[in-house]
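# Inside the fold
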Amino acid sequence: MFHRNSPSGNGEGQYIDLSMLDAQIAWMTYQAGYYFATGDAPQRLGAAHPTLVPYQGFKGGDGKFFNVAVGSERLWERFCRGIDRTELKDDPDYATNGDRVNHRSQLVQMLEEHFRSKDADDWVADLQAVSVPAGPSTT
């Protein structure tokens, strides 16, 4: 249920009433789609997206977490620029999202090590500066 408190635009916020169960079931469509497409049971990925990489939380050098959402090839190019790793853009293991999904564990491990070099807020600022969806995590 969605209620708009102030259609007049006087600066008041909005109220959203959403069932958490409904949201979780909606996310399960990715798992079901993966199973029906491959016949393989989906693996645990934590908070990572099952078909987009990198699309998850990472820990900065200060121990704080931040989220990154690279959902297209244009975002991948900007992401590589934002983290100052432009050589990754054309690396055959990571050139397309399909390649990144197939090499998820090696890419995520490399990114986890790289992200320890700066604080989470600095990474978020760097990524937002190149228009890559990123933000601090509260957990």
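Residues numbered from 1 in each chain as written. Predicted model: local features only at pLDDT ≥ 70, side-chain atom pairs only at ≥ 80, totals over all residues. Heavy atoms only, no water.

### Let's talk about the pairing of strand β3 (residues 55-59)
Inclusion rule: Pairing between strands is defined by DSSP: at least two bridges between the two strands are required. Runs of E in the DSSP output that reach at least two residues are strands. Runs of H or I that reach at least four are helices, and both are numbered from the N terminus.
Here β3 pairs with strand β4 (residues 65-69) via five bridges, running antiparallel. Following the sheet pairing, F58 is matched in β4 by F66. Counting the residues between successive antiparallel strands, the hairpin from β3 to β4 contains five residues, one of them, G63, with a positive phi of roughly 85°.

### Focus: the sheet that holds strand β5 (residues 134-136)
Rules: Axis lines are fitted through C-alpha atoms, for helices just across the contact stretch, and the angle between N-to-C directions can take any value from 0 to 180 degrees. What makes two residues a contact is simply this: any of their non-hydrogen atoms within 4.5 Å.
The strand order across the open sheet built from three strands is β3-β4-β5, with neighbouring strands paired in antiparallel fashion. Only two strands of the sheet have a single neighbouring strand rather than two, namely β3 and β5. Neighbour-to-neighbour, the strand axes of the sheet open up by a mean angle of 20°, direction not taken into account. With three bridges joining them, β4 and β5 adopt antiparallel strand pairing. Paired with N67 across the bridge in β5 is G135. Packing against the sheet, helix α5 (residues 120-129) makes contact with β4 and β5, and its axis sits at approximately 155° to β5.

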